[in-house]
Amino acid sequence: MTKPQLINHVRGTVKSVGERWPACAAEGFPRHIPAQLPGALRDLLTPVLELIAQLTHTIRAYDGVVAQVATASRAVTDVLRQVRGVGALTAIAYHATLEDPQRFRHSRQVGAYLGLCPKQNQSGERDPELRITKAGDELLRRLLVSSAHYILGPFGPDTALRRWGLRLAQGGKRAKRRAVVAVARKLAVLLHRLWVTGARYEPLRGVTA
């Protein structure tokens, strides 16, 4: 199981006995949660929390390695990481996958290149909403979707992209899933634009007070 799955397992088990914990960042979960465990579940869930702590330590070590790799292409990765939610690994994968940003005449073409655009199947008056094509690099697509989850999540900063995504997410679970993919696609376009222009990222650009 992945770290998020283990955390969800702990939360679900606690919820089953009528308890509910407030939102907590995954990084600090193993530190803050043990003291809040109900006595009846302490022996059952302590090994799981220890495993989460071990995974957190291992992930932190690998993050250090990723940061060293990012330093080698810092001129590009620093530009991409201006956007909160885009970490070193995502920036490296984006840089390595696209290689040369000039390959794309328009930034919006990057979304289709990475398989984040819906398939087309128009027939007469019918234009059904289909799944994304999932073309291109799977790892980078997953990383961008993960970044989109952060941007739309409880710890995401207030940005024009977040506000746009939250408007799309209104309307139930299906709307939320579509919003995550849409934000990932728009993020891919934004990162390309920042890379090409070397511009300073303005989180609330275009948002009127």
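Residues numbered from 1 in each chain as written. Predicted model: local features only at pLDDT ≥ 70, side-chain atom pairs only at ≥ 80, totals over all residues. Heavy atoms only, no water.

A.B. asks: Any chance you could break down the overall build of the chain for me, citing the residues and the numbers?
C.D. replies: A tally of regular secondary structure across the chain gives 9 helices and 0 strands. Start at the N end of the chain and walk to the C end: the helices and strands fall as α-α-α-α-α-α-α-α-α. Its C-alpha atoms give the chain principal-axis dimensions of roughly 60 × 50 × 40 Å. Among the 209 residues that make up the chain, the fraction classed as buried is 35%. Long-range pairs, those at least 24 residues apart, make up 54% of the contacts in the chain with a sequence separation of at least 6. Taken as a whole, the chain presents about 13300 Å² of accessible surface, with 52% of it coming from carbon and sulfur. For the chain, the separation between the mean place of its 32 positive charges and that of its 15 negative charges on side chains is 5 Å. (Helix = DSSP H or I, 4+ residues; strand = E, 2+ residues; numbered from the N terminus. Buried < 20%, exposed > 50% of the residue type's maximum accessible area, 1.4 Å probe, protein only. Contact = heavy atoms within 4.5 Å. Areas by Shrake-Rupley, 256 points an atom, 1.4 Å probe, with all protein chains shown as cover. Lys, Arg positive; Asp, Glu negative; His and termini not counted. Charge placed at Lys NZ, Arg CZ, Asp CG, Glu CD.)

A.B. asks: Let's hear about the nonpolar core: which residues, and what values?
C.D. replies: Within the largest apolar cluster, 32 residues are counted, with the highest numbers of intra-cluster contacts made by Y94, L98, L114, L144, L187 and L191. Only α4 (74-80), α5 (88-98), α7 (138-152) and α9 (173-197) provide two or more residues apiece to this core. It is α9 that contributes the most residues to this core, 9 residues altogether. Filtering out sequence-adjacent residues up to four positions away, L191 remains in contact with L80, V83, V86, Y94 and L144. (Core = buried A, V, L, I, M, F, W, Y, C linked by side-chain atoms within 4.5 Å.)

Shape is all these values report; function is a separate question.
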